Amino acid sequence: MSNPPKMIYLPETMANWPWQRAINPHHKEVEAESDAWFEGFKPFTRRLQLALETCDPGRLASLAYPWASKEHLRTGCDLMNVFLIIDESTDVESASVVRDMVDMVIDVINKPHKPRPEGEHHLGEITRQFWERAIKAATPSSQKHFIEAFTDYLNSVVEQAVDRDNNHIRTVDSYLKTRRENVGARPAYFPAELGLNLPDEAFYHPVVTELSYNIAELIILDNDIVSYNKEQATGDDRHNILTIVMHQFNIDLEAAMAWVASYHKDVENKFLDGMKKLPSFGPVVDKELEEYILALAIWPRTNDCWNFESGRYFGTKGIQVQKTRYVALLPKVKTDPTLKQGQVVVSLVDL
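One structure accompanies this document, and this report is about it. Nothing here was measured: the structure is a model prediction, and the numbers come from that model.

Quick notes on the rules
- Residues numbered from 1 in each chain as written.
- Predicted model: local features only at pLDDT ≥ 70, side-chain atom pairs only at ≥ 80, totals over all residues.
- Heavy atoms only, no water.
- Helix = DSSP H or I, 4+ residues; strand = E, 2+ residues; numbered from the N terminus.
- Rg over C-alpha atoms; globule rule 2.2 N^0.38 Å.
- Contact = heavy atoms within 4.5 Å.
- Areas by Shrake-Rupley, 256 points an atom, 1.4 Å probe, with all protein chains shown as cover.
- Lys, Arg positive; Asp, Glu negative; His and termini not counted.
- Charge placed at Lys NZ, Arg CZ, Asp CG, Glu CD.
- 1 Å grid on protein atoms, 1.4 Å probe; cavity = no way out; pocket = protein on both sides within 12 Å on 5 of 7 lines; lining within 4 Å.
- Points joined across faces, edges and corners; volume = space filled by probe spheres on them.
- Nonpolar A, V, L, I, M, F, W, Y, C, P; charged D, E, K, R; others polar.
- Buried < 20%, exposed > 50% of the residue type's maximum accessible area, 1.4 Å probe, protein only.
- Salt bridge = Lys/Arg side-chain N within 4 Å of Asp/Glu carboxyl O.
- Expected span 1.5 Å × (residues − 1).
- Core = buried A, V, L, I, M, F, W, Y, C linked by side-chain atoms within 4.5 Å.
- Patch = residues over 30% accessible without salt bridge, like charges linked within 9 Å, V, L, I, M, F, W, Y side chains within 5 Å.

### Quick notes on the overall build of the protein
- Secondary structure assignment for the protein yields 17 helices and two strands.
- At 20 Å, the protein has a C-alpha radius of gyration in line with the 20 Å of a compact globule built from 351 residues.
- Sequence-distant contacts, at least 24 apart, represent 78% of the contacts inside the protein between residues at least 6 apart.
- A total accessible area of about 15700 Å² is found for the protein, and carbon and sulfur atoms account for 53% of it.
- Treating the 38 positive side-chain charges of the protein as one cloud and the 51 negative ones as another, the clouds have centres 3 Å apart.

### Regarding empty space enclosed by the protein
- This model, assessed by the stated rule, comprises four cavities of 30 Å³ or more.
- For the largest cavity, the calculated volume is near 60 Å³.
- In terms of lining residues, the largest cavity is bounded by Gln 160, Asp 163, Arg 164, His 168, Asp 236, Arg 238 and His 239.
- Along the lines of polarity and charge, the residues of the lining of the largest cavity split into no nonpolar, three polar and four charged.

### Overview of the environment of Ala 258
- Along the chain, Ala 258 falls in helix H14 (residues 253-275).
- Between the C-alpha atoms of Ala 258 and Leu 242, which are 16 residues apart in sequence, the distance is 9.8 Å.

### Overview of the side chain of Arg 325
- Along the chain, Arg 325 turns up in the loop between helix H17 (318-324) and strand S2 (326-328).
- This buried residue, Arg 325, is left without a salt bridge; Glu 12 holds the nearest opposite charge, at 4.8 Å.
- Here Arg 325 is in contact with Ile 8, Tyr 9, Leu 10, Pro 11, Glu 12 and Phe 308, once residues within four sequence places are set aside.

### Quick notes on H14
- For H14, built from 23 residues, the straight-helix expectation of 33 Å at 1.5 Å per residue is met to within 8% by its first-to-last C-alpha distance of 33 Å.
- Within H14, burial applies to Leu 253, Ala 256, Met 257, Val 260, Tyr 263, His 264, Val 267, Glu 268, Phe 271 and Gly 274.
- Considering only its buried residues, H14 is in contact with strand S1 (7-9), helix H8 (172-182), helix H12 (206-233), helix H13 (241-249) and helix H15 (283-297).

### Overview of the environment of Val 333
- Along the chain, Val 333 turns up in the segment after S2.
- For Val 333, a relative accessible area of 42% corresponds to the partly exposed category.
- Each C-alpha atom of the pair Val 333 and Asp 237 lies 13 Å from the other, and the pair is 96 residues apart in sequence.
- Beyond its immediate stretch of four places on either side in the chain, Val 333 contacts Ala 233 and Thr 234.

### Topic: helix H6 (residues 122-134)
- If you check H6, its first and last C-alpha atoms are 18 Å apart, about what 13 residues at 1.5 Å a residue would give, namely 18 Å.
- Where the residues of H6 are buried, they touch helix H1 (27-39), helix H4 (70-90), helix H5 (95-110), helix H7 (140-165) and helix H10 (190-193).

### Observations concerning the nonpolar core
- Within the largest apolar cluster, 99 residues are counted, with the highest numbers of intra-cluster contacts made by Phe 150, Tyr 292 and Trp 299.
- A per-element tally of this core places H12 first, with 12 residues.

### Side note on the pattern of salt bridges
- Under the defined criterion, the tally for this structure stands at 26 salt bridges.
- Put simply, Glu 309 and Arg 59 hold a salt bridge, and the shortest N to O gap is 2.8 Å. Here Arg 59 lies in helix H3 (residues 57-64) and Glu 309 lies in helix H16 (residues 299-309), a separation of 250 residues in the sequence.
- A residue is classified by how much of its surface remains accessible, and Glu 309, at 24% relative accessible area, is partly exposed.
- The salt bridge partner of Asp 236 is Arg 238, with a shortest N-O separation of 4.0 Å.

### Focus on a nonpolar patch on the surface
- A contiguous nonpolar patch, built from Met 7, Tyr 9 and Tyr 326 and spanning about 320 Å² of accessible area, is present on the exposed surface.
- Inspection of the secondary structure puts Tyr 326 in strand S2.
- Taking relative accessible area as the criterion, Tyr 326 reaches 45% and is therefore assigned partly exposed.

Here it is as structure tokens:
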């Protein structure tokens, strides 16, 4: 008889988070429009297309921007699709190739009306069309903040590729520093800022910056908890807080889960305490800043719900896993390191 599979317990980190699940009432209509646009590029193999459909990026956007207008939600849905193609395209490339791709995308967001050269990676035109459409509904300040955040995100993706090339496992502090950028949280706040006119003195105030990074860390921790099983099975778990904690503190997976859950609680408290320290910038700015901070606050709940409602990490069993909190440790699988860009195959997971 074979031994039963080892079970992984996923701590319920969001049990006491004050902000609850909400979804945009326009989600079906707008998600369909965005998906049709994205799929029109046909950048993937059929297997990858199926995998991306199970990820349901439109649902992520609709959970993240529950009060957005149709126009603003479309920006959010398109952005989630852009994140997805960047993630899946760069994950299989060397740092030098990723650098070239990142430089291309940075050029796109700074010159959105510039025609892309023939034969360029489809990521260029996908990003150009997203950004050209988005800026029509975006205030100048929100555009500026997005370009700055998105550029930081892209450059950190290159750092991740360097680590992957060198099989490098970071320390907890070093990992969180770079991961706060390449998790994509800061540019993902942009659709909620589209109609706001937040001046730099408020947007980049140390308290506001720290709150944005608190939320990014909560997203990182929850994402790494649910993605670890798939990543360890495919040998791509170096860039995961659980692997890093096990490596740095010489502890097992169960102890690492407990460490991450405890740290998660600490970060929750930092955010809640930080909200009480927000300075005043006058009634007009304060009102907009309050709206922006609320948009940050719902992101951890958004991320947690999407982790289980989409098929990205648990196939068709997401809701079941969300209730039981237990999942069987997946066996190691072989991956083909020769697959690049359009040929990349995303591991389909159905527990």
